[in-house]
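Overview (structure and organization)
Chain by chain, the residues run as shown.
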Amino acid sequence: MRLRDGAVGAAPRLAGQSGAQMTRVSTRGGFSTLSVAPGREGEVLERLRDDPAVESAELNTLKQPLYIPVDEHFDRQWDMPMIQAPKAWNKSRGAGVTIAVVDTGVAYEDYAEFGRSPELSQTFFVYPFDATDGSEHANDENGHGTHVTGTLAQDWDAFGTAGLAPKAAIMPVRVCESFGCASDAMADGVYWAVDHGADVINVSLGGPFVSQIERDAFQYAEDHDVVVVAAGGNGGGDLVGDANLDYPARIETVISVGAVDRLADRTVYSNWGEHEGADPGAHVMAPGGNTHQDLDGDGFNDGIRQNTYAFTCGSAERSYKDFAECSYYGTSMATPHVSGLVALLLSLHPDLTTHEVRQVVSCATAAIGDEEGSGDEDFDEQTGWGLVQAADAISDVDDNGIVDCLDQPPPFIVSIDDAKMRPGERVQLSLEAQTPWPGVNRYEVGLTFDPFVAKPVGCTPREGTTCDFGDEHVAVSGLLDQPLFGNFRLAYIEFEAVSTSNAFSSVHLFASGTSARLPDIGLSIETTDGSVRISQPVPTLFGDLDCDKKVVAADAIAALRSTEGVEAFCGDQGDVDCSGLVGALDGLAIVAYLAGVTRPQVVDCPPIGLSLAPEPSPTPTPSPTPTLTPTLTPTPS
């Protein structure tokens, strides 16, 4: 704020009346800076601008370093802006995260006939492993893994192209030979990556079958909170997308990736479909391109450009030391965009679980066909949750350390209107509250206001609620027998104007709810990757809901539907969706609450190993010796 001439001494008064702290006084600039609680900025600005001592008041806005790669051909990387990478780079570039590239190997070292890609000269490599022969030289004999690594973490320098997470460490894990990528090498490669500190495993490989040893390896990654991202597949030999995802992308705990083209539409070759398990899974889209197209008319094909072996895109001589900028396309090329996004996220929030990462990746998406990004997308059979958006994935608008996709609304929201009064006039204001089902039965609310403008002179609380007020404070608290939910009134509070001015005075009130508590529903609940386990039986439920097994959303819905009177309950409570979208935790809370009121007979305990939820469709029998193949098609740049 800037004060008018002759009003320099008013700054402390204004800070005190605003409930703010003065953090800067600039003698050269003639302004002062006030710090206020989040959410009060508009209120305090209005108050300051209304004060005759203030010449001007404005927000103290932020600027950010704008990190844009200086690489010569970054302007040809249409894929990076499409997923909001430049905006995300202002906050994260993947530092502290290790990505295992489980692939054909990587051109990461000068060794024997192999050379290090000049575009990976500054990339940090850790714990290389060749799962095909057990050595620690995971050199690339194909070019595919090197291209994938470029999208992930290629240097930001004056040459070529740039990577999405250039500060991340890369763990090269070779699992492919000339004939393909065998199950045993894949399994050992995954175990190696997990045991040597990988945070993310990128699998730009796929095939129609999966072996049990691979399933066990990917479950091992899940059990150790290592995120796995895999290519959805390129439609087989005809390059027309099929209605079945490849393996391992189809596995329930794997993030599967489909491909979009230069216009952010699903490519013709991209596979689609749901994951194994009851839920559709984390299937998202990312730029995969098409080297046979130039949809933007810039004179360059619409493939994904990165540095790899020159012989893969035009050079006649097969050499592992000659490199070029090559355009590839496929879901293999889309996959590292998602793995890189996960690295940006984990760099800022390393304690996120794999389940939480999948939630964020599925949430932070844009509608397919919108290359600028326009918010999240409902699940679609062919395009999953939509096109991934890196900046949205790491966004934390309220700066509370929780990304917006995981930041749940507060359980207790309170509000009260402002009012204008003449000196000596009184006004009665309503303190309102809102809380989701199943409500709160204990709460405390504090009101702050300017004591030089008005003072509280009365309070009429609802039953079970008490008021405490003085010249400069009002506190409202409640301890109820029955929980409140939805919208309700806590109290009427009466204020009297104390200003000596003849003009109307504005009473600005800031209400903050604290200590809101959900009712004790008699359950001890542990949450593990989105499922819920009841660890203590509830007598009113006539035993344990599901024999101490993990309870998923379908279990809670089945119990709700078997409860007498549930249809009326569903119709009355707008926040409860009885069609199948209610979450397990909410469902159990509702079941327990209803049980305490109506004592419904829920289902008998099934035998151990069974579930109340429908069994998933049987998995196709795997072939005796399945192999995986890289899902790419290289084309000259």
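Fair warning: this is a prediction, and the values are worked out from it, not measured in the lab. Every residue gets a number counted from 1 within its own chain, in the order that chain's sequence is written. Restriction of local features to residues with pLDDT of at least 70 applies here, the model being predicted, together with a cutoff of 80 or more for giving and counting side-chain atom pairs; totals for whole chains, interfaces and linings are based on all residues. Hydrogens and water are ignored here; the side-chain numbers use all heavy atoms of the structure.

Looking now at the packing of aromatic side chains. Note on aromatic contacts: the rings of Phe and Tyr and the six-membered ring of Trp form a pair at centre separations within 6.5 Å, being stacked when their planes are under 30 degrees apart, edge-to-face when over 60 apart, and tilted otherwise. By the definition in use, this model includes nine aromatic pairs. Residues F114 and Y320 carry aromatic rings whose centres are separated by 4.9 Å and whose planes lie at 20° to one another, so their mutual orientation is stacked. Of this pair, F114 sits in the loop between β5 (98-103) and β6 (124-125) while Y320 sits in the loop between β15 (304-309) and β16 (323-329), and the two are 206 residues apart along the sequence. Here's how the labels work: a residue is buried when its accessible area is under 20% of the maximum for its type, exposed when over 50%, partly exposed in between, all with a 1.4 Å probe on protein chains only. Taking the relative accessible area as the measure of exposure, F114 reaches 7% and is therefore buried. The interplanar angle of 35° and the centroid separation of 5.3 Å between the aromatic rings of Y309 and F323 together place this pair among those described as tilted. With Y309 in strand β15 and F323 in strand β16, the pair connects residues that are 14 residues apart, well separated along the chain. Numbering of helices and strands runs from the N terminus; a helix is a DSSP stretch of H or I covering at least four residues, while a strand is a stretch of E covering at least two.

With that settled, consider unusual backbone geometry. With omega at 10°, the peptide bond leading from Y247 into P248 counts as cis. With respect to the helices and strands, P248 occurs in the loop between β12 (227-231) and β13 (255-260). Although it is not a glycine, Q84 sits at a positive phi angle of roughly 65°. Relative to the assigned elements, Q84 resides in the loop between α3 (79-82) and α4 (85-88). Unlike most non-glycine residues, A112 shows phi in positive territory, near 55°. Tracing the chain through its elements places A112 in the loop between β5 and β6. Classification of A112 as exposed rests on a relative accessible area of 54%.

The criterion is simple. A nonpolar core is a set of buried Ala, Val, Leu, Ile, Met, Phe, Trp, Tyr and Cys residues joined through side-chain atoms within 4.5 Å. If you look at the biggest cluster of nonpolar residues, it comprises 65 residues, and the most contacted ones within it are I99, I255, V338, V357, V361 and V388. The element best represented in this core is helix α8 (residues 331-348), accounting for nine residues. The contacts of I255, once residues within four sequence positions are left out, are V227, V228, V229, A230, A282, V284, V338, V357, R358 and V361. The contact rule is simple, with two residues in contact once any of their heavy atoms fall within 4.5 Å.

Patch members must show over 30% relative accessible area and no salt bridge, and they are joined within 9 Å when carrying like charges or within 5 Å when they are nonpolar side chains of Val, Leu, Ile, Met, Phe, Trp or Tyr. Each accessible area is a Shrake-Rupley estimate made with a 1.4 Å probe; only the visible protein chains count as cover when residues are assessed. The salt bridge criterion pairs a side-chain nitrogen of Lys or Arg with a carboxyl oxygen of Asp or Glu, the two atoms within 4 Å. Counted as positive: Lys and Arg. Counted as negative: Asp and Glu, with His and the chain ends omitted from the count. By convention, the point assigned to a charge is CZ for Arg, NZ for Lys, CD for Glu and CG for Asp. The grouping of E46, D50, D417 and D418 at the surface amounts to a negative patch. Tracing the sequence through the fold places D418 in the loop between β19 (413-416) and β20 (419-421). Classification of D418 as partly exposed rests on a relative accessible area of 42%.

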